Amino acid sequence: MATTVKTPQVLPGTTEPNEEVLRQACEKAIAYLAKLDAAPVAATVDRTTLRARLDRPLGEQGIAAEQVIDDLVADVEGGILGTAGGRFFGWVIGGTLPAALAADWLTSAWDQNAGLYATAPAAAVVEEAAGAWLKEILRLPKQASFGLVTGCQMAHATSLAAARHWVLAQHGWDVEEKGLAGGPAIRVLASDQKHGSVMRALRLLGIGRAQVVDIQTDAMDRVVPEALAEELARTPETPTILVLQAGDINTGTCDAFETLIPMAKRHRAWVHVDGAFGLWAAASANHRHMVRGVEDADSWATDGHKWLNVPYDCGYAFVAHPEAHQAAMSWRASYLTHDGEARDAMEWNPEFSRRARGFATYAALRQLGRAGVCDLVERCCRHAKSLGERMGQLPGAELLCEPMLNQALVRFPDPRANATEEDHAKRTDATIAAINATSEAFFTGSTWKGRRVMRISVSNWRTSQEDVDRVVRAVESVLKNRP
Ligand SMILES: *Cc1c(COP(=O)(O)O)cnc(C)c1O
């Protein structure tokens, strides 16, 4: 009987060892970074243009890898924000240290599944080392367990899962076995300035908005101790989690951990700290006082992809009670290969298969060293202070509060005598847009204490004194030319 032999389809480019496309991508990346200083910081093309270029029908047949990369680079042109450069001050966005970027490239080439030691032996040991270094730099307890997760959002989810386990176990309830239904209700006390990622993490964990009590904050966004004391005393028998923050998104301030944590501990509450960027104050002798006492919390969440300048997909969860952390995350199965002696990330992480993201953190920390991390933190704080103060002195601008850590707030009031808060808000937003339109710098707005503000957030290792001077000149010129 005759059989038809199908000719195997050879995908374009897959017969070669791919060297050419990798060299090409490397050259394009280097060329991009080399032009950062001269390139616009904001996007220069709009959504319609990007869709017209990129939203094409997927071909039936594949194309050569080199062509894919050539097209990709051409098609995204103008749609890449200058976040890698030194004049991007929107949100809280870090850059990428050279060693971290290079290690990130290798991470993709090595393509390890870092869920288990068995699937990624070197990655597991690198994470052990990086975790220990991070605890040392952030001055967290040596015995704390940790997980390298995708960002601070998932660091909250991981830490708060441990918290949920622990506060319910204190009341004789095994949440991993029984779930939440029918168990004691959890009460969460949290700064009324908490970041939205805290609420999202709680939501994922089955803890709703109605179970969260906002604790009043002061003029600089710090939890008022008396307000916390009152809430703690209200229902002393309820399983309680307290969420505090190191680094407010607007003011950069940190809660008074030294006062607040012992209060919560007297009520057997679990204290979790959102330290997405603010926890890094601990790395600097000049700023360490801002987080005094933070080491006494039960869990901490922070980012690698913001202030440490590791590429995106990098956050860290630390838990002072490894058994609670492990109880919340661990999963064992007969087909997986667990090694009791080694670190299996699955015991500490919410993911199953995962990127070996420890390599980039390891590389960033080695490139900087302890002194380098300290210098990075201090330099960013210095630049934020100087940007805030110098802009605040320009005619048409106003500094709203003393710059703290790496954040500052300015606004651009409407000069008319009878101007309302709404007029000030309009002028502030229009000025931010005008500054961003110069392509010299990029800022974002926020509403702080009822006032529209421009946030200045400095988290990039590249930001230099020249960048600061250049940005102040650009803002000055925008203000001079405003009608
Ligand atoms: C950025 C940020 C988060 C969320 O972190 P991701 O890394 O974006 O998940 C949480 N809290 C604060 C204060 C932040 O600045």
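That block above? That's the structure.
The rules behind each value
- In this numbering scheme, every chain counts its residues from 1 along its sequence in written order.
- With pLDDT at 70 or above as the cut-off, local features in this predicted model cover only qualifying residues; side-chain atom pairs require 80 or more to be listed or tallied, and sums for whole chains, interfaces and linings still use all residues.
- The side-chain values count all of the structure's non-hydrogen atoms but skip hydrogen atoms and water molecules.
- For this analysis, a ring pair means two rings from Phe, Tyr or Trp (six-membered ring only for Trp) whose centres lie within 6.5 Å, classed as stacked if their planes differ by under 30 degrees, edge-to-face if by over 60, and tilted for the remaining angles.
- Going along the chain from the N terminus, every DSSP run of H or I of four or more residues is numbered as a helix, and every run of E of two or more is numbered as a strand.
- Relative accessibility decides the category of a residue: with a 1.4 Å probe and only protein chains considered, values under 20% of the type maximum give buried, values over 50% give exposed, and everything between is partly exposed.
- For a ring to carry a charge above it, either NZ of a lysine or CZ of an arginine must fall within 6 Å of the ring centroid while also lying within 35 degrees of the normal to the ring plane.
- Two N or O atoms form a polar contact when they lie within 3.5 Å of each other; inside protein one atom must be a possible hydrogen donor and the other a possible acceptor, and for residues adjacent in sequence the pair counts only when both atoms belong to side chains.
- Any pair of residues with heavy atoms lying within 4.5 Å of one another is described as a contacting pair.
- Angles run from 0 to 180 degrees between N-to-C directions of axes, and those axes are lines fitted to C-alpha atoms, restricted for helices to the stretch in contact.
- Roughly parallel here means an angle under 35 degrees, roughly antiparallel means over 145, roughly perpendicular means 65 to 115, and every remaining angle is called oblique.
- Rotating anticlockwise by less than a right angle from the far helix to the near helix defines a left-handed crossing, while the corresponding clockwise rotation defines a right-handed one.
- Residue proximity to a molecule or strand is established when one non-hydrogen atom of the residue lies within 4 Å of it.
- Areas reported as accessible are Shrake-Rupley estimates using a 1.4 Å probe. Residue values count occlusion only from the protein chains shown.
- Only Asp, Glu, Lys and Arg are considered charged, only Ala, Val, Leu, Ile, Met, Phe, Trp, Tyr, Cys and Pro nonpolar, and every remaining residue, Gly among them, polar.
- When DSSP locates at least two bridges between a pair of strands, those strands are taken to pair.
- Salt bridges are counted wherever a side-chain nitrogen of Lys or Arg sits within 4 Å of a carboxyl oxygen of Asp or Glu.
- Grouping buried Ala, Val, Leu, Ile, Met, Phe, Trp, Tyr and Cys residues that are joined through side-chain atoms within 4.5 Å yields what is termed a nonpolar core.

Draft legend 1. Spotlight on the packing of aromatic side chains. For the structure shown, the criterion picks out eight aromatic pairs. When the centroid spacing of 4.8 Å and the interplanar angle of 5 degrees are considered together, the rings of F88 and F442 count as stacked. Taken together, the residues F88 in the loop between α3 (65–76) and α4 (98–110) and F442 in the loop between α13 (421–437) and β10 (444–448) connect sequence positions 354 residues apart. One exposure class covers both F88 and F442, and it is buried. Ring geometry for F89 versus F443: centroids 5.2 Å apart, planes at 25 degrees, classification stacked. Of the two residues, F89 is situated in the loop between α3 and α4 and F443 in the loop between α13 and β10; the sequence distance between them amounts to 354 residues. Across the pair, F443 and F89 agree in class, each one buried. Each residue in the set F88, W91 and F442 is aromatic and connected to the rest through ring pairs, giving one cluster. Taking the ring centre of W173 as reference, the NZ or CZ of K178 above it sits at 4.5 Å. For the cation-ring pair, R343 lies above F146, with the distance from its terminal atom to the ring centre recorded as 4.0 Å.

Draft legend 2. Broad picture of the side chain of Q245. Its place among the elements puts Q245 in strand β4 (residues 240–245). For Q245, a relative accessible area of 5% corresponds to the buried category. From its side chain, Q245 meets the backbone oxygen of Q193 in a polar contact 3.5 Å long. In this structure the side chain of Q245 is engaged in a polar contact, spanning 2.8 Å, whose partner is the side chain of D248. Every residue in contact with Q245, bar those within four places of it in the chain, is listed here: S191, Q193, K194, H195, D221, T253, C254, D255, F257 and D274.

Draft legend 3. Here's a closer look at the packing of helix α5 (residues 121–138) against helix α12 (residues 358–392). The contact between α5 and α12 brings their axes to 9 Å, and the two run at 30 degrees. Compared by their axis directions, α5 and α12 come out roughly parallel. In the packing of α5 onto α12, the handedness of the crossing is left-handed. Residues A122, A123, V126, E127, A129, A130, W133, L134, E136 and I137 of α5 lie in contact with α12, whose contacting residues are G358, F359, T361, Y362, L365, R366, R370 and V373.

Draft legend 4. Region of the structure containing the site of the ligand. For the ligand, the set of nearby residues contains 13 residues, the closest of which are Q153, D274, D303, H305 and K306. With respect to the ligand, the side chain of D274 contributes an N or O atom lying 2.8 Å from a nitrogen atom. Notes on the ligand: free accessible area 380 Å², of which the protein chains cover 85%. Split into classes, the residues belonging to the shell around the ligand amount to four nonpolar, six polar and three charged.

Draft legend 5. Layout of the sheet that holds strand β6 (residues 299–303). Strand order in the open sheet made by the seven strands is β1-β7-β6-β5-β4-β2-β3, with mixed pairing throughout. Strands with a single pairing partner mark the edges of an open sheet, and in this sheet they are β1 (145–149) and β3 (212–215). Strand-to-strand twist of the sheet, defined as the mean angle between neighbouring strand axes without regard to direction, takes the value 20 degrees. For strand β2 (residues 187–191) and β4, the ladder comprises four bridges, and the chain directions are parallel. Bridge assignment links R187 to a residue of β4, and that residue is T240. Along the sheet face, helix α6 (residues 152–169) touches β1, β4, β5 (270–274), β6 and β7 (315–319) and points at about 175 degrees away from the line of β5. Packed onto the sheet, helix α9 (residues 225–234) meets β2, β3 and β4 and runs at close to 175 degrees relative to β2.

Draft legend 6. Structural detail: the pattern of salt bridges. Under the counting rule described, the total for this entry stands at 29 salt bridges. The salt bridge partner of E421 is R411, with a shortest N-O separation of 2.9 Å. With E421 in helix α13 and R411 in strand β9 (residues 407–411), the pair connects residues that are 10 residues apart, well separated along the chain. What makes E421 partly exposed here is its relative accessible area of 35%. Among the charged side chains, a network of salt bridges with common partners joins E127, D313, R343, E351, R354 and R357.

Draft legend 7. Here's a closer look at the nonpolar core. Ranked by internal contacts, the top residues of the largest apolar core, which has 86 residues, are W280, W300, L308, M391 and F443. Looking at this core, the element that brings in the most residues is α12, giving 12 residues. Residues in contact with F443, not counting those within four places in the same chain, are F89, G90, M391, I432, I435, N436, M454, R455, I456 and V471. Counting residues in each nonpolar core, the second largest holds 26 residues, with A162, V212, A324 and M329 among its members.

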